[in-house]
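The chain contents come next:
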Amino acid sequence: MENIWSTPIYQLTTKTGKRVVVDVTSSVSAGLPPNKLLSETLIKFFKKRGVESIVDFGAGALRHTFPLLRAGFQVCAVEFEDQFKRTKCSEALRRAEKNGNFCKLIWPKDFKSDGRRFDAALLCYVIQTMPLKEERELVLKVLTKKLRK
């Protein structure tokens, strides 16, 4: 179970026996603005509760990372290595790396072996793109261990 979700490419078989390939990184919408809930509500919520460090899990093109960095949070973006190599994502990554409060971790190897703990986790458009229940449960279990109480 621990080796699942090591790639964003799923090769699945439907109940009727049809083979289907799903690339969950296709859900990344580079160039879209951050979700309004983040800037209008979550940042205030995090500040009110003393949150300092946030893991942006499934960070994609970092559209939610940048508002958090601008608000003064320490943000660790977690994504598949292949995703960070895509043009829009690598451009965003270069910009983010100029901020001293930014770090990145490659899923799964770097994230699982990294000992840091975070005050909060952000999973925008992640869980619903994962087609396998056991993988959704694994991600939530791994993330829970990374959060401070």
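Model, not experiment: these values are computed from the prediction.

**Q** Residue-level account of the overall build of the protein chain, with values.
**A** In terms of regular secondary structure, the protein chain is built from six helices and six strands. Put simply, the protein chain runs from its N terminus to its C terminus through helices and strands in the order β-β-α-β-α-β-α-α-β-α-β-α. The C-alpha radius of gyration of the protein chain comes to 16 Å, within 12% of the 15 Å expected for a compact globule of 149 residues. By the burial criterion, 40% of the 149 residues in the protein chain qualify as buried. Of the contacts made within the protein chain by residues no fewer than 6 positions apart, 67% connect residues no fewer than 24 positions apart. Total accessible area on the protein chain stands at roughly 8,800 Å², and carbon and sulfur atoms take up 52% of it. For the protein chain, the separation between the mean place of its 28 positive charges and that of its 16 negative charges on side chains is 4 Å.

**Q** Any details on the state of the cysteines? Residues and values, ideally.
**A** This model, assessed by the stated rule, comprises zero disulfides. You can see C89 has no disulfide; the closest cysteine sulfur is in C124, sitting 14 Å from it.

**Q** Which residues make up the environment of M130, and what are the values?
**A** Structurally, M130 is set in the loop between β6 (120-122) and α6 (133-146). The buried category is assigned to M130, whose relative accessible area is 1%. With 107 residues separating them along the chain, M130 and D23 place their C-alpha atoms 9.7 Å apart.

**Q** Break down the nonpolar core for me, with residues and values.
**A** Counting 22 residues, the largest nonpolar core has F46, I54, L62, L68, F73 and F102 as the members making the most contacts within it. Among the elements of the structure, α1 (36-48), α2 (65-70), β4 (74-80), α4 (87-96), β5 (102-107) and β6 are those that each provide at least two residues to this core. Excluding residues within four positions of it along the chain, I54 makes contact with F46, L68, F73, Q74, V75, C76, F118, A120 and L122. The next biggest cluster of nonpolar side chains, apart from the first, holds 18 residues, and it includes L105, V126, M130 and V142.

**Q** Explain the pairing of β5 to me, using residue names and the numbers behind them.
**A** Of all six residues that make up β5, five are buried, and the element is covered over most of its length. With six bridges connecting them, β4 and β5 associate as parallel partners. Directly across from V78, in β5, lies its bridge partner L105.

Procedures and definitions
Residues numbered from 1 in each chain as written. Predicted model: local features only at pLDDT ≥ 70, side-chain atom pairs only at ≥ 80, totals over all residues. Heavy atoms only, no water. Helix = DSSP H or I, 4+ residues; strand = E, 2+ residues; numbered from the N terminus. Rg over C-alpha atoms; globule rule 2.2 N^0.38 Å. Buried < 20%, exposed > 50% of the residue type's maximum accessible area, 1.4 Å probe, protein only. Contact = heavy atoms within 4.5 Å. Areas by Shrake-Rupley, 256 points an atom, 1.4 Å probe, with all protein chains shown as cover. Lys, Arg positive; Asp, Glu negative; His and termini not counted. Charge placed at Lys NZ, Arg CZ, Asp CG, Glu CD. Disulfide = S-S within 2.5 Å. Core = buried A, V, L, I, M, F, W, Y, C linked by side-chain atoms within 4.5 Å. Pairing = 2+ DSSP bridges.

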